[in-house]
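Structure at a glance
Listed below are the residues making up each chain.
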Amino acid sequence: MALHARLPSTGGIGSLVENLLPWCGALVPVLLAGALWRRSAAAVVALVLPVTVWLSLFGGLLTDRSHPGGDLTVVSHNVDAGNPDPTGTARELASSGAELIALEELTDQARGTYEKGLAKAYPYHAVRGTVGLWSTLPLSDTRPVNVVRGDVGPLARTKPAESAAEAADEVRALRTTVATARGPLAVYVAHLGSVRVTRGDGFWTVSRDFGADALAKAIAAEPHQRVVLLGDLNGTTDDRAFHGLTSRLTSAQKTAGNGFGFTWPASFPIARIDQVLVRGVRARSSWVLPETGSDHLPVAARIGW
């Protein structure tokens, strides 16, 4: 746990361990049981080290770091290309009362359903490819951000066979400006490439890592001081692949959440791969919304100036 940054990147082992890093603490009770079974006082004392390391890394996440106040509520949700109930998902998201709702993994078949379900509460929206932002505030200067390198994950299965090969050119990130009462806010919505465990490549992250680097460069060049990134990054903020992002942006969950805020898979979340990251504004609170028809849980944050 303490030396995870020194693990090799070969085969993605370092990235894989970093995405599951909090779960290393689950080994401590196992080691404790073994020490007690062996009646080894030295082994029990030795467990102080991993416990101390785990608490230094994650102990702060066990407390409630939220604060009252804030100016805007933002929500991000990977709605799942195979979502069996997009109408219900749209209804649940609209009931959140958020001013901004970012959706990822939109399909051509379901896009109209979300537009219809969110239209009444959100008069402004922008969609580019498979990502979109719905807003109660005016949007401008919307443009795609290229984060794709030949991988589209489950979205390829929703396309006709003849067009699946073209899916590598799918737009999976956008940038837009939200006109708030406190001035312009640059908002990025992104769905980075999938990660997979394969026999030949180990933990394969090439597409995601390319997107993370491209997104970090786009945000580094962003002229607006206030920035919010919403999306499914297919990795946790502990992952070394996101250093370019986490060195410029702050995680709303880590600074203003309560607990780990795991989001995937929705049925038994083990990792927070859906993120709200900010710059130039402060996260006042961060939380996970109830399960919808997606395999991800929605995330929300209250931000303020």
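How each quantity is defined
Residues numbered from 1 in each chain as written. Predicted model: local features only at pLDDT ≥ 70, side-chain atom pairs only at ≥ 80, totals over all residues. Heavy atoms only, no water. Helix = DSSP H or I, 4+ residues; strand = E, 2+ residues; numbered from the N terminus. Polar contact = N/O pair within 3.5 Å; in protein donor to acceptor, adjacent residues only side chain to side chain. Contact = heavy atoms within 4.5 Å. Pairing = 2+ DSSP bridges. Axes fitted to C-alpha atoms, helices over the stretch in contact; angles between N-to-C directions. Buried < 20%, exposed > 50% of the residue type's maximum accessible area, 1.4 Å probe, protein only. Salt bridge = Lys/Arg side-chain N within 4 Å of Asp/Glu carboxyl O.

It is worth spelling out the side chain of Glu 222 at this point. Within the secondary structure layout, Glu 222 lies in the loop between helix H8 (206-220) and strand E10 (227-232). Here His 224 takes part through its backbone nitrogen, which lies 3.0 Å from a polar atom of the side chain of Glu 222. Apart from residues lying up to four places away in sequence, Glu 222 is in contact with Arg 175, Ala 186, Tyr 188, Val 227 and Arg 279.

With that settled, consider the sheet that holds strand E3 (residues 124-128). Strand order in the open sheet made by the six strands is E3-E4-E2-E1-E14-E13, with mixed pairing throughout. Two strands in the sheet have a free side with no partner beyond their single neighbour: E3 and strand E13 (282-288). Strand-to-strand twist of the sheet, defined as the mean angle between neighbouring strand axes without regard to direction, takes the value 15°. Relative to strand E4 (residues 131-135), E3 runs antiparallel, the two being bridged by five bridges. Bridge pairing links Tyr 124 to Ser 135 in E4.

Let us now look at the pairing of E10. The element E10 is extensively covered by neighbouring structure, given that six of its six residues are classed as buried. Of the two faces of E10, both are covered, the one formed by Val 227, Leu 229 and Gly 231 as well as the one formed by Val 228, Leu 230 and Asp 232. Bridge count between strand E7 (residues 183-191) and E10: six bridges; the pairing is parallel. Directly across from Val 189, in E10, lies its bridge partner Leu 230.

Here we come to the pattern of salt bridges. Oppositely charged side chains can form a pair if their charged atoms are brought close together. According to the stated counting rule, one finds 11 salt bridges in the structure shown. A salt bridge links Glu 18 to Arg 240; its shortest N-O distance comes to 3.1 Å. Taken as a pair, Glu 18 in helix H1 (residues 13-19) and Arg 240 in the loop between E10 and helix H9 (243-246) lie far apart in primary sequence, 222 residues in all. Relative accessible area serves as the criterion here: at 2%, Glu 18 is assigned to the buried category. Exposure remark for Arg 240: the relative accessible area of 26% places this residue in the partly exposed category. The salt bridge involving Arg 302 is made with Glu 99; its shortest N-O contact spans 3.8 Å. One end of the pair, Arg 302, is in strand E14 (residues 299-304); the other, Glu 99, is in the loop between helix H5 (86-94) and strand E2 (100-104), and 203 residues separate them in sequence. Since its relative accessible area comes to 22%, Arg 302 is described here as partly exposed.

Relative to the helices and strands, His 224 resides in the loop between H8 and E10. The exposure class assigned to His 224 is partly exposed, which follows from its relative accessible area of 25%. Here the alpha-carbon distance between His 224 and Val 187, two residues 37 residues apart in the chain, equals 9.9 Å. If we skip the residues at most four places from it in the chain, His 224 touches Arg 175, Thr 177, Pro 184, Ala 186 and Arg 279.

Once that is clear, we can look at the environment of Trp 134. Here Trp 134 is to be found in strand E4. Under the relative-accessibility criterion, Trp 134 is labelled buried at 1%. Each C-alpha atom of the pair Trp 134 and His 296 lies 19 Å from the other, and the pair is 162 residues apart in sequence. Discounting residues that sit within four places of it in the chain, Trp 134 has contacts with Glu 99, Leu 100, Ile 101, Leu 103, Leu 106, Tyr 114, Glu 115, Leu 118, Tyr 122, Tyr 124, His 125 and Val 127.

Before going further, it helps to spend a moment on the sheet that holds E10. Spatially, E5-E6-E7-E10-E12-E11 is the arrangement adopted by the six strands of the open sheet, whose pairing is mixed. A strand with exactly one partner marks an edge of an open sheet, and here the two such strands are strand E5 (139-144) and strand E11 (250-251). Judged from the two bridges that link them, E11 and strand E12 (residues 274-279) form a sheet pairing that is antiparallel. From the neighbouring strand, Ser 251 faces E12, where its bridge partner is Leu 277. Packing against the sheet, H8 makes contact with E7, E10 and E12, and its axis sits at approximately 170° to E7.

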